[in-house]
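Coordinate inspection notes
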Amino acid sequence: MGEKKKVTVRIRGQEYTVIGEESEEYIKELGNYVDNKIRDILEKNSKLNRTMAATLTAFTIADELYKTRSLVDNLNKIINEKDKEIEEKLSIIKIKETEIEDIKSHYEKLSNELNDVNNNLSEYQKKIKKYEQALDLKEKELQNTQRIITELQNKLYEKQIELAQTKKELEEFIRTFDAK
């Protein structure tokens, strides 16, 4: 609790001592406010005595206070509604953040799987290249083997012809030898 202060204020020419915890400037500002309100009321109706002016001033200030409190209450209701809306929006944001985290996690998983697939693809491509090279070698070997087979078939054909000629010559020789 703050320290109590005595402050003198002047309202309608009369001094009043006010005791309060607020600053001296604040208390004097309140005194000036009340003095100005009384002056406004007396200017509007010069037939009022001090008591009537003070009462109307109190009534006017009470009206201002009531309207201000009503306004504050309405503003508090609006603030509470906005607070609820903000809480709902924050709740939605938290849900969306969780969904985003889930999506990020899923994306990272898929990205890792894609990297694995790319790595495997690279390995398969290397294997395919090796197999293609091996296939090229085997095709060359096959062509070479086919060439050798063709050459051997040609030689066999030539040897068969030679053999047939030799058989003919041998048969002629045997016929000639038998005939002698």
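Just so you know, these numbers come straight off a predicted model, no measurement behind them. (Residues numbered from 1 in each chain as written. Predicted model: local features only at pLDDT ≥ 70, side-chain atom pairs only at ≥ 80, totals over all residues. Heavy atoms only, no water.)

1. Examining the layout of surface pockets
Approximately 270 Å³ is the volume attributed to the largest pocket. What lines the largest pocket is a set of 16 residues, among which Ile-11, Arg-12, Tyr-16, Val-34 and Ile-38 lie closest to the centre. Residue contributions to the lining of the largest pocket peak at six residues, all from helix α1 (residues 24–44). Within the lining of the largest pocket, the residues separate by chemical class into eleven nonpolar, three polar and two charged. (1 Å grid on protein atoms, 1.4 Å probe; cavity = no way out; pocket = protein on both sides within 12 Å on 5 of 7 lines; lining within 4 Å. Points joined across faces, edges and corners; volume = space filled by probe spheres on them. Helix = DSSP H or I, 4+ residues; strand = E, 2+ residues; numbered from the N terminus. Nonpolar A, V, L, I, M, F, W, Y, C, P; charged D, E, K, R; others polar.)

2. Digging into the packing of aromatic side chains
For the structure shown, the criterion picks out one aromatic pair. An angle of 20° between the planes, with centres 6.0 Å apart, marks the rings of Phe-173 and Phe-177 as stacked. Taken together, the residues Phe-173 and Phe-177, both in helix α2 (residues 50–179) and four residues apart, mark about one turn of the helix. Of the two residues, Phe-173 and Phe-177, both sit in the exposed class. (Phe/Tyr/Trp six-rings, centres within 6.5 Å; stacked < 30°, edge-to-face > 60°. Buried < 20%, exposed > 50% of the residue type's maximum accessible area, 1.4 Å probe, protein only.)

3. Here we look at the side chain of Asp-35
Looking at where Asp-35 falls in the secondary structure, it is placed in helix α1. Within the structure, the side chain of Asp-35 is placed 2.6 Å from the backbone nitrogen of Arg-12, a separation counted as a polar contact. Once residues within four sequence positions are removed from consideration, Asp-35 is found in contact with Arg-10, Ile-11 and Arg-12. (Polar contact = N/O pair within 3.5 Å; in protein donor to acceptor, adjacent residues only side chain to side chain. Contact = heavy atoms within 4.5 Å.)

4. Side note on α2
In an α-helix, one turn spans 3.6 residues, which is why side chains three or four residues apart end up on the same side. Here α2 contains 130 residues, and its C-alpha end-to-end distance of 183 Å stays within 8% of the 194 Å for a straight helix at 1.5 Å per residue. Residue Asn-49 occupies the N-cap position of α2, its side-chain oxygen lying 3.1 Å from the main-chain nitrogen of Thr-51. (Expected span 1.5 Å × (residues − 1).)

5. Things to note about the pairing of strand β2 (residues 14–20)
Bridging between strand β1 (residues 5–11) and β2 involves seven bridges; their strand directions are antiparallel. Each bridged residue has a counterpart across the sheet, and for Val-7 the counterpart in β2 is Val-18. Linking two consecutive strands that pair antiparallel, namely β1 and β2, is a turn of two residues; a positive phi of about 50° is found at Arg-12 within it. (Pairing = 2+ DSSP bridges.)

6. What to know about the environment of Asp-116
Mapped onto the elements of the fold, Asp-116 is located in helix α2. Expressed as a C-alpha distance, the spacing of Asp-116 and Lys-4, which sit 112 residues apart in the sequence, is 78 Å.

Such coordinate-based values are descriptive only and should not be taken to indicate function.
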